[in-house]
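What the coordinates show
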Amino acid sequence: MHVIYGGTFDPVHHGHLRLALEVSECFEGAPVSLVPCHIPPHRGATGATAQQRLRMLQQAIAGDPYLRIDDRELNRGGASYTADTLRQLRCELGDDEPLAMVVGTDAFAAFDRWKEWEQIPELAHIIVVQRPGMTLNPETRPGRLLAERRAGGTEALRHCASGYVLELDPPRLDISATGIRERLRMGRSARYLVPETVLAEIHDMGLYRACPVTKN
Ligand code: ATP
């Protein structure tokens, strides 16, 4: 079972990390690969550069046996499209290995705006994770996709290479990277929202401040 979890990770926070671990546990400790995107196609510029976001991720997961980083989108450059990433992975894994991607309900609600979105279920399973305060409208195209391809449980995904949509509702942490950037911009603390090592990187690199300070 190969599981990827893509995001901007600007910065990575405990909501992401806890979710990745919950997903890994659902699949008996299968590693979850965090895939930082290079340029997110559906949103504005990131607060930190691709290399800074990667560095924070490396700090965040250092020593964790269940979490990995797949930096292929950063190496590929340009806008990051999940369909391209899944196609590459499918070539590497072969036709039979189960492949799944994790998305939050907020991201899945706009799934029909993703490049080649209709191809994605042919390449991978989709694990949709409930995000606090977000319900998926069943009348939308993503809502219908979920209804048509809904998996009864994790077992279905393990026995098939792609094609199911699994809803997971693990205990959630109501943390967002937007909220963290906003706090830091206002000079407030992000402690306990991100790992200490990530906080140290943020301070060392002078990230997310209204006026970046030069370290001497
Ligand atoms: P931003 O606030 O900048 O939009 P974010 O915190 O939503 O960032 P992303 O990197 O954009 O983080 O998210 C990557 C994926 O992680 C998305 O699918 C998103 O739904 C999911 N996600 C982010 N935060 C959480 C959380 N606290 N709990 C569950 N899923 C989350």
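Computed from a prediction, not measured in an experiment: that's the story for all the values here. Per chain, residues are indexed from 1 in the order of the written sequence. Local features in this predicted model are restricted to residues whose pLDDT is 70 or higher, and side-chain atom pairs enter the listing and the counts only when it is 80 or higher, whereas totals over whole chains, interfaces and linings include all residues.

A short note on the overall build of the protein
Working definition: helices are DSSP H or I runs of at least four residues, strands are E runs of at least two. Numbering for both runs from the N terminus. Per the secondary structure count, the protein includes ten helices and six strands. In this scheme every C-beta is placed from the backbone, and a residue whose C-beta has 20 or more other C-beta atoms within 10 Å is buried, one with 12 or fewer is exposed, and one in between is partly exposed. Counting all 216 residues of the protein, 37% fall into the buried class. Two residues qualify as a contact pair if the distance between their C-beta atoms, derived from the backbone, is within 7 Å. Once local pairs closer than 6 in sequence are excluded, the contacts in the protein between residues at least 24 apart make up 74%.

Some remarks on the packing of helix H2 (residues 50-61) against helix H10 (residues 196-205)
Relative orientation and spacing of two packed helices are given, respectively, by the angle between their axes and the distance between those axes. Packing of H2 against H10 leaves a shortest axis separation of 8 Å and a crossing angle of 150°. Relative to H10, the element H2 is oriented roughly antiparallel. Along this stretch, H2 crosses H10, giving a crossing that reads as right-handed. Where H2 abuts H10, its residues Gln-52, Arg-55, Met-56, Gln-59 and Ala-60 lie against Thr-197, Val-198, Glu-201 and Met-205. Three residue categories are used. Nonpolar comprises Ala, Val, Leu, Ile, Met, Phe, Trp, Tyr, Cys and Pro, charged comprises Asp, Glu, Lys and Arg, and polar comprises the others, including Gly. Considering only residue class, the contact of H2 with H10 consists of four nonpolar, three polar and two charged. Only the stretch in contact is used when a helix axis is fitted, and all axes are lines through C-alpha atoms; the angle between N-to-C directions ranges over 0 to 180 degrees. Orientation labels follow simple angle bins: below 35 degrees gives roughly parallel, above 145 gives roughly antiparallel, 65 to 115 gives roughly perpendicular, and whatever is left gives oblique. Helix crossings fall into two classes, left-handed where the near helix is turned counterclockwise from the far one by less than a right angle and right-handed where it is turned clockwise.

A closer look at the nonpolar core
Formed by 50 residues in total, the largest nonpolar core has its most connected members in Leu-34, Met-101 and Ile-127. Residue contributions to this core peak at five residues, all from strand S4 (residues 99-104). Leave out the neighbours within four places in its chain, and Met-101 touches Ile-4, Gly-6, Thr-82, Leu-86, Ala-124, Ile-126 and Ile-127. Each nonpolar core reported here comprises buried Ala, Val, Leu, Ile, Met, Phe, Trp, Tyr and Cys residues connected via C-beta atoms within 7 Å.

Here's the deal with the site of the ligand
Near the ligand, the surroundings consist of 19 residues, among which Gly-7, Gly-15, Gly-104, Ala-177 and Thr-178 are the closest. Listing elements by their share of the shell around the ligand, those giving two or more residues are helix H1 (14-26), S4, helix H5 (105-109) and helix H9 (177-185). Element by element, the count of residues in the shell around the ligand is highest for H1, at three residues. A residue counts as near a molecule or strand when its C-beta atom, positioned from the backbone, falls within 6 Å of it.

A closer look at the sheet that holds strand S3 (residues 67-69)
Adjacent strands of a sheet form backbone hydrogen bonds with each other and so pair up, either parallel or antiparallel. For two strands to be treated as a pair, DSSP must find no fewer than two bridges joining them. Reading across the sheet, the six strands line up as S3-S2-S1-S4-S5-S6 and stay open at both edges, with parallel pairing between neighbours. In this open sheet, the two strands that pair with only one neighbour each are S3 and strand S6 (165-168). Taken over all neighbouring pairs, the strand axes of this sheet differ in orientation by 30° on average, direction set aside. Bridge count for strand S1 (residues 2-7) against strand S2 (residues 32-36) is five bridges, and the pairing is parallel.

Points about the pairing of S4
Counting buried positions over the six residues of S4 gives six, a clear majority of the element. Here S1 pairs with S4 via four bridges, running parallel. In the strand pairing of S4, Val-3 is matched with Ala-100. Here S4 pairs with strand S5 (residues 125-129) via five bridges, running parallel. The residue bridging Gly-104 from the neighbouring strand is Val-129, located in S5.

Some points on H2
End to end, H2 covers 17 Å across twelve residues, agreeing with the expected 16 Å (1.5 Å per residue, within 8%). Among the residues of H2, those classed as buried are Ala-50, Arg-53, Met-56, Leu-57, Ala-60 and Ile-61. Buried positions in H2, seen along its axis, are confined to an arc of 130° and lie on one side of it. The inward-facing, buried residues of H2 contact H1, S2, S3, helix H3 (72-76) and H10. For a helix, the expected span equals 1.5 Å multiplied by the residue count minus one. For this quantity, the arc is that covered by the directions from the helix axis to the C-beta atoms.

As for the confidence of the model for the protein
Scored by pLDDT, the protein has a mean of 93; 97% of the residues are at 70 or more. For this predicted complex, the interface confidence score (ipTM) comes to 0.94, while the overall pTM stands at 0.93. What pLDDT conveys is the predictor's confidence in a given residue, as a value from 0 to 100.

Observations regarding unusual backbone geometry
Here the bond from Asp-10 into Pro-11 is cis, since omega is 5°, no more than 30 degrees from zero. Along the chain, Pro-11 falls in the loop between S1 and H1. Positive phi values are uncommon outside glycine, yet Glu-28 reaches one of about 50°. Along the chain, Glu-28 falls in the loop between H1 and S2. Residue class for Glu-28 comes out exposed when judged on the 9 C-beta atoms lying within 10 Å of it.

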